[in-house]
Amino acid sequence: MELHTFIEVMLLEIGFIGAGKVGKALGLYFKAHGLNVSGFCSRTEKSAVEAAVLTSSIAYRTLRELADSSDIIFITVPDQALAEVDREAALMLDGYEVKPETFWFHVSGAHSSKILEGIRKAGCETGSMHPLQSFGEPYGSAERLERSWFTLEGTDKAVLIAQSLLDKTNGKHFRIEAENKPLFHAGASVVSNFMVTLLESGISLFEAAGMDRADIFQAIEPLIESALSNIREKGTIDALTGPIVRGDYDTVSVHLKAIGDKMPSELEFYRAAAYKTAMMLDGNRLTHEQIEKFEGILEVRIDGR
């Protein structure tokens, strides 16, 4: 019988180690769906109190107090602090009578639950539950969690309890293998972080062409929205527009010359983006002969050699 068929998650207490943006947002998210938030333990009393007030819960002074009052513990600290928290928790749990079915999760996208090996060896179930979104102001972030996907990984019982939590919140989720988490997180970084990098590159070109930087985003917002709409409707390859998909070699050559003359710092980025775009289209919307012509214009080898 699956764990979530006989454990009523509505009765379980959820605690947090770390009272930053992620912890606060998850606390609000769980509370909004009727789940019990026991409280927060943090490096500073001030942040724990702030999170506790926000979620009508308790600010705990020690890990032991939090563990005594919680059935599920989320570690919502920066990735670089996970190993330290695992060590501290393992020492705290040494000789400590662990409650049956105690679950510890971290929320890192890049790391697997193996980073909580000390906690697991102390007798607890461990897992990772990563929300695929960026975090800012707590209430807005909690609201975005209503539409977010979660990746789950860990011991079988930990994954089942995470599924039970998300079933209560109607959260979309899927299980991921531990070894695939870095690759998954790299994808998230490309979509989230590098999209900002891409926009900055484009904005700098508009600015170099004479536009006021303060007006540029407003001017390009319809372009961004239409691109996202096309991807939603058609998928990435069929959503592509522009000179490469049209086989417009002259326009790409004009771009390269203008960028090289006026914004040489952006030239390699343009080449790399054009190269990736051409590779997407090889054998799809462009012939390999057309791709080879772009290869010559871009002065790169499409086969990567």
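The name given to the protein chain in an unreviewed UniProt entry is Short-subunit dehydrogenase-like oxidoreductase (DUF2520 family), with Youngiibacter multivorans as the source organism.

Give a description of the overall build of the protein chain that names residues and reports values.
Regarding its fold elements, the protein chain presents 13 helices and eight strands. Radius of gyration (C-alpha) of the protein chain: 24 Å, far over the 19 Å computed for a compact globule of 305 residues. Scored against the burial criterion, the 305 residues of the protein chain give a buried share of 42%. Partitioning the contacts of the protein chain with sequence separation of at least 6, the portion at a separation of at least 24 is 62%. Summed over its atoms, the accessible surface of the protein chain is roughly 16,400 Å², and 55% of this surface lies on carbon and sulfur atoms. Of the charged side chains in the protein chain, 31 are positive and 44 negative, and the gap between their average positions amounts to 1 Å.

So, the pattern of salt bridges: which residues are in play, and what are the values?
Within the structure shown, the criterion is met by 12 salt bridges. Measuring nitrogen to oxygen at the nearest pair gives 3.5 Å for the salt bridge that ties Lys-24 to Glu-50. Of this pair, Lys-24 sits in helix H1 (residues 21-32) while Glu-50 sits in helix H2 (residues 45-55), placing them 26 residues apart in sequence. Given a relative accessible area of 36%, Glu-50 falls into the partly exposed group. Its salt-bridge partner being Asp-156, residue Arg-175 comes within 3.0 Å of it at the nearest N-O pair. Here Arg-175, found in strand E8 (residues 172-175), pairs with Asp-156, found in helix H7 (residues 156-169); they are 19 residues apart in sequence, far enough to count as distant. The exposure class of Arg-175 is partly exposed, given its relative accessible area of 45%. Given a relative accessible area of 53%, Asp-156 falls into the exposed group. Counted as one network, the salt bridges with shared partners bring together Lys-24, Lys-46 and Glu-50.

So what about the sheet that holds strand E2 (residues 36-41)? Which residues, and what values?
One open sheet accounts for eight strands, arranged E3-E2-E1-E4-E5-E6-E7-E8; its pairing is mixed. Only two strands of the sheet have a single neighbouring strand rather than two, namely strand E3 (58-60) and E8. Each adjacent strand pair in this sheet contributes to an overall mean axis angle of 25°, direction not counted. Sheet topology note: the strand E1 (residues 13-17)/strand E4 (residues 72-75) ladder contains four bridges and is parallel. Residue Phe-16 lies in a different strand from E4, and its bridge partner there is Phe-74. Contacts from helix H8 (residues 181-208) reach strand E5 (103-106), strand E6 (125-131), strand E7 (149-154) and E8 within the one sheet, and its direction differs from that of E6 by about 20°.

So what's going on with H7? Residues and values would help.
Here H7 contains 14 residues, and its C-alpha end-to-end distance of 20 Å stays within 8% of the 20 Å for a straight helix at 1.5 Å per residue. Residues of H7 that are buried: Ala-158, Val-159, Leu-160, Ile-161, Ala-162, Ser-164, Leu-165, Leu-166 and Thr-169. Note on H7: the residue one or two positions beyond its end, Asn-170, has a positive phi of about 60°.

An account of a nonpolar patch on the surface is needed here, citing residue identities and associated values.
Taken together, the side chains of Val-190, Val-191, Phe-194 and Met-195 make up a nonpolar region of the molecular surface, amounting to roughly 380 Å² of accessible area. Within the element layout of this structure, Phe-194 appears in helix H8. Judged by its relative accessible area of 48%, Phe-194 falls in the partly exposed class.

So what's going on with the nonpolar core? Residues and values would help.
In terms of nonpolar packing, the biggest core is built from 29 residues, with Phe-30, Ile-72, Phe-74, Phe-105 and Met-129 touching the most fellow members. Of all the secondary structure elements, the ones that give two or more residues to this core are E1, H1, E2, E4, E5, E7 and H7. Examining the composition of this core, we find that six residues originate from one element, H7, more than from any other. With near-sequence residues (within four places) excluded, Phe-30 lies in contact with Ile-14, Phe-16, Leu-35, Val-37, Phe-74, Met-129 and Thr-169. One finds Ile-17, Cys-41, Leu-66 and Ile-73 within the second-largest nonpolar core, a separate group that totals 20 residues.

Before we move on, can you summarise the pairing of E4 with the specific residues and values?
Residues Ile-72 and Phe-74 of E4 are buried on one face, and the alternating residues Ile-73 and Ile-75, pointing to the opposite face, are buried as well. As defined by bridge partners, E4 adjoins E5 across four bridges and the pair is classed as parallel. What sits directly across from Ile-72, in E5, is Phe-103.

I'd like to hear about the packing of aromatic side chains, residue by residue, with values.
Summed over the entire model, instances satisfying the criterion amount to nine aromatic pairs. Measuring from ring centre to ring centre gives 5.7 Å for Tyr-29 and Phe-30, while their planes differ by 45°; the resulting arrangement is tilted. In terms of burial, Tyr-29 and Phe-30 fall into one category: buried. Ring centres of Tyr-29 and Phe-150 lie 6.0 Å apart, and the angle between their planes is 25°; on these two criteria the pair is classed as stacked. Taken as a pair, Tyr-29 in helix H1 and Phe-150 in strand E7 lie far apart in primary sequence, 121 residues in all. The burial state of Tyr-29 is the same as that of Phe-150; both residues are buried.

Analysis parameters
- Residues numbered from 1 in each chain as written.
- Predicted model: local features only at pLDDT ≥ 70, side-chain atom pairs only at ≥ 80, totals over all residues.
- Heavy atoms only, no water.
- Helix = DSSP H or I, 4+ residues; strand = E, 2+ residues; numbered from the N terminus.
- Rg over C-alpha atoms; globule rule 2.2 N^0.38 Å.
- Buried < 20%, exposed > 50% of the residue type's maximum accessible area, 1.4 Å probe, protein only.
- Contact = heavy atoms within 4.5 Å.
- Areas by Shrake-Rupley, 256 points an atom, 1.4 Å probe, with all protein chains shown as cover.
- Lys, Arg positive; Asp, Glu negative; His and termini not counted.
- Charge placed at Lys NZ, Arg CZ, Asp CG, Glu CD.
- Salt bridge = Lys/Arg side-chain N within 4 Å of Asp/Glu carboxyl O.
- Pairing = 2+ DSSP bridges.
- Axes fitted to C-alpha atoms, helices over the stretch in contact; angles between N-to-C directions.
- Expected span 1.5 Å × (residues − 1).
- Patch = residues over 30% accessible without salt bridge, like charges linked within 9 Å, V, L, I, M, F, W, Y side chains within 5 Å.
- Core = buried A, V, L, I, M, F, W, Y, C linked by side-chain atoms within 4.5 Å.
- Phe/Tyr/Trp six-rings, centres within 6.5 Å; stacked < 30°, edge-to-face > 60°.

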